[in-house]
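# Descriptive structure summary
Chain by chain, the residues run as shown.
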Amino acid sequence: MGTVKRSETTPVSIGEGRTRYLGYTDHVMIAVVDFNDGPSLEPDPPHSHPHEQVSYVAAGEILLILGTAKTHLSEGDLFTVAPNVPHAVQTLTKHVRLIDAFNPIRRDFLGK
């Protein structure tokens, strides 16, 4: 894939006020996810996947629900999610940007 220039990318809508764009190789994927619909009154529904995930809070604040644990995170914080562990976020600010890394890549994000 090489480079991904934000100025030359059209993010994909993944819900009302939410977008995502990607960079990936055969083995790792980075997803930049922007939430512009906060703050939310409730967390998103929990989900899980077979991928390892590492996420960086690039902007805003969230409440992370990882299994049954809840943690307040803000800009500069990181979190990790093991495969198949239920997790969710609740946006606490108007704008949140998460940088998510996945291994293996999320083929479901590719629309193929």
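Per chain, the residues get numbers from 1 upward, laid out in the order the sequence is written. With the structure being a predicted model, the display of local features is reserved for residues of pLDDT at least 70 and the display and counting of side-chain atom pairs for 80 or more, all residues being used for whole-chain, interface and lining totals. In computing side-chain properties, one takes all heavy atoms of the structure into account and sets aside hydrogens as well as water.

### Focus: the environment of Met29
Helix and strand definitions follow DSSP, with helices as H or I runs of at least four residues and strands as E runs of at least two, each counted in order from the N terminus. Residue position: Met29 is located in strand E3 (residues 29-35). Categorising residues by exposure relies on relative accessible area from a 1.4 Å probe, with only protein chains included: less than 20% of the type maximum marks a residue as buried, more than 50% marks it as exposed, and the intermediate range marks it as partly exposed. Overall, Met29 belongs to the buried group, its relative accessible area being 0%. Each C-alpha atom of the pair Met29 and Gly111 lies 14 Å from the other, and the pair is 82 residues apart in sequence.

### Overview of the sheet that holds strand E7 (residues 78-81)
If you walk across this open sheet you meet the six strands as E1-E2-E3-E9-E4-E7, and the pairing is antiparallel. Each edge of the sheet is formed by a strand with only one pairing partner; in this case those strands are strand E1 (12-15) and E7. This sheet shows a mean twist of 25 degrees between the axes of neighbouring strands, independent of strand direction. Here a strand pair is declared whenever DSSP counts at least two bridges between the two strands. One ladder, built from three bridges, connects E1 with strand E2 (residues 18-24); its direction is antiparallel. Bridging across to E2, Ser13 finds its partner in Thr19. In this analysis an axis means a line fitted to C-alpha atoms, helices contributing only their contacting stretch, and an angle means the value between N-to-C directions, from 0 to 180 degrees.

### Side note on the packing of aromatic side chains
Classification of ring pairs uses Phe, Tyr and Trp, with its six-membered ring standing for Trp, and accepts pairs whose centres are within 6.5 Å; under 30 degrees between planes counts as stacked, over 60 as edge-to-face, and the remaining range as tilted. All told, the structure shown has one aromatic pair when counted by the stated rule. Between Phe102 and Phe109 the ring centres are 5.6 Å apart and the planes differ by 90 degrees, which places this aromatic pair in the edge-to-face class. Phe102 sits in the buried class, given a relative accessible area of 3%. The ring of Phe109 carries Arg20 above its face, with NZ or CZ at 3.7 Å from the centroid. Geometry around Phe102 places Arg106 over its ring, the cationic atom sitting 5.2 Å from the centre. Ring-over charges, as used throughout, are those where CZ of Arg or NZ of Lys falls within 6 Å of the ring centre and within 35 degrees of the ring normal.

### Comments concerning the nonpolar core
Among buried residues, those of type Ala, Val, Leu, Ile, Met, Phe, Trp, Tyr and Cys that are joined through side-chain atoms within 4.5 Å constitute a nonpolar core. Grouped together as the largest cluster of nonpolar side chains are 18 residues, with contacts concentrated most on Met29 and Ile62. Taken together, the elements giving at least two residues each to this core come down to E3, strand E5 (61-66), E7 and strand E9 (96-103). The element best represented in this core is E3, accounting for four residues. Contacts are assigned to residue pairs that have any heavy atoms within 4.5 Å of one another. Those residues in contact with Ile62 that sit more than four places away from it in its chain are Val57, Thr71, His72, Leu73, Phe79, Val89, Gln90, Thr91, Leu92, Val96 and Leu98.

### Observations concerning the pattern of salt bridges
Every case where a carboxyl oxygen of Asp or Glu lies within 4 Å of a side-chain nitrogen of Lys or Arg is listed as a salt bridge. Applying the stated criterion to the full structure yields four salt bridges. The closest approach of N and O atoms between Asp44 and Arg18, which form a salt bridge, is 2.6 Å. Of this pair, Asp44 sits in the loop between E3 and strand E4 (52-59) while Arg18 sits in strand E2, and the two are 26 residues apart along the sequence. Arg18 carries the same exposure label as Asp44, and that label is buried. Among the charged side chains, a salt-bridge network with shared partners connects Arg18, Asp37 and Asp44.

### Focus: the pairing of E4
Where E4 meets E9, seven bridges bridge the pair, whose relative direction is antiparallel. Looking at the pairing, Ser55 lines up with Asp100 of E9. Taken together, the four bridges between E4 and E7 define a ladder with antiparallel strand orientation. In the sheet register, Ser55 faces E7, and the bridge partner there is Phe79.

These figures capture arrangement, not role.
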